[in-house]
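Residue-level listing of the chains:
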Amino acid sequence: MSAPELIRIVSRDSPMALAQVERVRAELAALHPATATEVVPVKTTGDKWMGDLSQVEGKGAFTKEVDQALLAGEADLAVHCVKDIPADRPLPAGTTFAAFLERDDIRDALIHPDGLQLDQLPAGSRIGTSSVRRIAQLAASHPHLECVPMRGNANRRLEKLAAGEADALLLAVSGLERIDRTDVISEILSPEVMCPPIGAGILALQCREGDTALIDAVSPLGHLATYRETTAERMFLHVLQGHCNSPIAGYAQVERNGELSLQAKVFSLDGKTVLNAHEWAGPLDPATLGTSVAVSLLRQGARELIDGIAH
């Protein structure tokens, strides 16, 4: 089956989201040189709203308008960051994932104007972040630091840092790579120091279920190991029924020998309670691994922790 002549790609209109689309366009051009692509940028609720995300449907705030453009036929293919796609409810009816691109760096980076590392920051230093995952982990590991709310795209946050609204920032390494700003990184934090969000560093391609020619055309962009990691992580989050104010972190990893593992954590907001689970899939399929790790954390009291946080 031949690839479509034109693929209209819908995405958030932030610089980082558009950089992600360019990666997809480049990979599609290499695979289907005769296929043209055009970008359909949309501004999402999450990009327009600078307050608490839980007041605007949480994580769905970054995907709703993109989904609507896809379902309305205004675009053929959506590019999403997997970490922004809610896992506690199914994809919009009539849509499906066509591919998960090879995973980028899952780690977080510290940005400090003088190049200080996390352990060197003096007491009372203000860390710009609105991520409950980062806030809870810093409260657990570096309680002498203060987190100040900061949203907006990475370029905007770097401007706020330069303006003195915070002393340091935490941003995703993959995002800084996409906007070509790795020059600002003071330290890359290991997943042991700052456990990443579910779906970190993964781009998903979503399209309408009936577009079989398009699905066939873009599915070769998918990466098998990333597919297995994503499946485990999203099933984990689905079983936990976490919301956007839940400090949940975790990542699956396919080793060189093909073995799949999943490490995950649930925190209290103050970082005083940390639940931890780490399992290997062995003969289990990725979704069963995700379920197993979620059940392990639920047995430790994760439900009470999650439900005890307003959302």
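This text follows the structure it describes.
Predicted, not measured: the structure shown is a model, and the values here were computed from it.

S.K.: Tell me about the nonpolar core, and name the residues and values.
M.R.: Within the largest apolar cluster, 23 residues are counted, with the highest numbers of intra-cluster contacts made by Phe236, Leu240, Ile248, Val266 and Leu297. At the level of elements, α8 (224–240), β11 (248–254), β12 (260–267), β13 (274–280), α9 (286–299) and α10 (302–307) are the ones that each hand at least two residues to this core. Aside from chain neighbours lying at most four places away, what touches isoleucine 248 is Arg133, Ile198, Phe236, Leu237, Leu240, Gly242, Lys265, Val266 and Ile306. Grouped together as the second largest cluster of nonpolar side chains are 18 residues, Val21, Cys81, Leu205 and Ile215 included.

S.K.: An account of the sheet that holds strand β1 (residues 6–12) is needed here, citing residue identities and associated values.
M.R.: Working definition: the strands of a sheet are paired by backbone hydrogen bonds and lie parallel or antiparallel to each other. In spatial order, the strands read β2-β1-β3-β10-β4; together these five strands make up an open sheet with mixed pairing. Of all the strands in the sheet, the pair left with one neighbour each is β2 (36–42) and β4 (95–100). Along the sheet, successive strands turn relative to each other by an average axial angle of 30 degrees, direction set aside. Sheet contacts for helix α3 (residues 64–71): β1, β2, β3 (77–81), β4 and β10 (203–208); angle to β3, the most-contacted strand, approximately 165 degrees.

S.K.: How would you summarise the environment of asparagine 245 if you had to cite specific residues and measurements?
M.R.: In this structure, asparagine 245 sits in the loop between α8 and β11. For asparagine 245, a relative accessible area of 13% corresponds to the buried category. Between the C-alpha atom of asparagine 245 and that of proline 113, which follows or precedes it by 132 residues, the distance is 29 Å.

Calculation notes
The residue numbering used here restarts from 1 in each chain and proceeds along that chain's sequence as written. Local features in this predicted model are restricted to residues whose pLDDT is 70 or higher, and side-chain atom pairs enter the listing and the counts only when it is 80 or higher, whereas totals over whole chains, interfaces and linings include all residues. Calculation of side-chain values draws on the structure's entire complement of heavy atoms; hydrogens and water are dropped beforehand. Residues belong to one nonpolar core when they are buried, are Ala, Val, Leu, Ile, Met, Phe, Trp, Tyr or Cys, and are joined through side-chain atoms within 4.5 Å. When accessible area is computed with a 1.4 Å probe and restricted to protein chains, residues below 20% of their type maximum are described as buried, those above 50% as exposed, and intermediate ones as partly exposed. For helices the rule is a DSSP run of H or I covering at least 4 residues; for strands it is a run of E covering at least 2, with both sets numbered from the N terminus onward. Contacts were defined at the residue level, with two residues in contact if any of their heavy atoms lie within 4.5 Å. DSSP-based pairing: two strands are paired if at least 2 bridges between them are found. A fitted line through C-alpha atoms serves as each axis, taken over the contacting stretch for helices, and the angle formed by two N-to-C directions is quoted from 0 to 180°.

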